[in-house]
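Listed below are the residues making up each chain.
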Amino acid sequence: MLDTLEIQIHKTPKSRLQEIDFDNLIFGRTFSDHMFTADYQDHNWQNLLIQPYSSLSLSPALMALHYGQSIFEGMKAYRTVENEIVLFRPHENWKRMNVSAERMCMAQLPEEVFIGGLQNLVALDKDWVPNRPNYSLYLRPFMFASDEYIGVKPSDTYKFVIFTCPVGAYYSGAIKVKVEQHYVRAAAGGTGFAKAAGNYAASLYPAKLAQDEGYQQIIWTDAKEHRYVEESGTMNLIFVINGKVVTPPTDDKILHGITRKSVLELAQDWGMTVEERYISMEEILDALQSNQLQEAFGVGTAAVVTPIETIGYLQKDYQLPTFNEDCFGFKAKKYLTDLCKGLVEDKFDWIFKVA
């Protein structure tokens, strides 16, 4: 624990752990015993508290409900084969949350509040970290404007909360995606790079339309021409074309994914060429036709690595190469999974031990 952090801890009188059916978990529906909260007021973070998971009492005039100052992170805790509880690169999440906070004109979170809150909360609820393949404890830190005021200005106060939920796999296998040609996720100069709640709200309707057509996710394209691919739903996109790992650059339209960053660092460590550049749908289809497109997959905290088996583009479906154990994406997923289970050496110093 961080010795300088003063957190009040109020433990639940009775754990709900024994009531949970781990064989029938729905992602994001089951919540652990405790949560961490902190308040920003008078230019300081205060009232640091771990308490039983419960509802928040909110005013109808809460500024976050009206003007959208709300950001979050997504990360996971794992149980290793040595029964240790670890996090994967939590300092990257802390840095990214402060990038989001700056863009949304919100308070900065000190390292000791973000990391210390996570560490103390997960250590207290360590029995909630599942000990079974493809399971983990999902962690959701988030912050929202807490002023009670109807006026378009940045809030003066904020609430930071962390809660957790045991989860299984986000996707069970390869997915079918549709290339979006009308709706836009983000434009240059906007908030696309921030993990802001409003970005996800704006994506729900076009995603629903795609799901009604039989697709599981959308591939977002650029706002100007709808020519260049950007993200796929809640994931960054990676392609392997003619032996090279190719991915769209993380400019101000695309989220700086931590799993994405890690997969690219693995590729470079394994001697592969990595290209961060704009990729058009024409290039992807040309590569597919010439048998140079070897892999296409999404990467993110929830899904880790998810292969794409079908791309729908301009009313036509294109079948992609089969994802197998020889694929780079398959090997990268196995490495990251094994790393979080303590089965391979942590030579990158990515693992953070909690308990």
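For the structure, check the block above.
For clarity, every value in this text was computed on a predicted model and none was experimentally measured.

A. Up close: the overall build of the protein. Tallying secondary structure elements over the protein gives 7 helices and 18 strands in all. Expected size for 355 residues packed as a compact globule is a radius of gyration near 20 Å; at 21 Å, the protein falls within 12% of this value. Seen through its principal axes, the protein has C-alpha atoms that stretch 60 × 50 × 35 Å. The proportion of buried residues among the 355 residues of the protein is 54%. A total accessible area of about 16700 Å² is found for the protein, and carbon and sulfur atoms account for 48% of it. Considering the protein, the positive charge centre built from 34 side chains and the negative charge centre built from 45 side chains are found 3 Å apart.

B. Geometry of the side chain of Thr-259. If you trace the backbone, Thr-259 turns up in helix H5 (residues 258-269). Classification of Thr-259 by relative accessible area gives buried; the value is 8%. The contacts of Thr-259, once residues within four sequence positions are left out, are Val-299, Gly-300, Thr-301, Val-304 and Leu-336.

C. Representation of the side chain of Asp-125. Note that Asp-125 resides in the loop between helix H3 (111-124) and strand S7 (136-145). Each residue touching Asp-125, except ones within four places of it in the same chain, is listed here: Ser-32, Asp-33 and His-34.

D. Region of the structure containing unusual backbone geometry. Look at Asn-242: it is not a glycine, yet its phi comes out positive at around 50 degrees. When you line up the elements, Asn-242 lands in the loop between strand S12 (235-241) and strand S13 (244-247). The exposure class assigned to Asn-242 is exposed, which follows from its relative accessible area of 51%. Unlike most non-glycine residues, Val-304 shows phi in positive territory, near 65 degrees.

E. Spatial organisation of the pairing of strand S17 (residues 316-319). By the bridge criterion, 4 bridges tie strand S16 (residues 304-313) to S17 in an arrangement that is antiparallel. Opposite Thr-310, over in S17, you have Gln-319 as the bridge partner. Hairpin connection, S16 to S17: the antiparallel pair is bridged by 2 residues, and Leu-314 has positive phi, about 50 degrees.

Analysis parameters
- Residues numbered from 1 in each chain as written.
- Predicted model: local features only at pLDDT ≥ 70, side-chain atom pairs only at ≥ 80, totals over all residues.
- Heavy atoms only, no water.
- Helix = DSSP H or I, 4+ residues; strand = E, 2+ residues; numbered from the N terminus.
- Rg over C-alpha atoms; globule rule 2.2 N^0.38 Å.
- Buried < 20%, exposed > 50% of the residue type's maximum accessible area, 1.4 Å probe, protein only.
- Areas by Shrake-Rupley, 256 points an atom, 1.4 Å probe, with all protein chains shown as cover.
- Lys, Arg positive; Asp, Glu negative; His and termini not counted.
- Charge placed at Lys NZ, Arg CZ, Asp CG, Glu CD.
- Contact = heavy atoms within 4.5 Å.
- Pairing = 2+ DSSP bridges.

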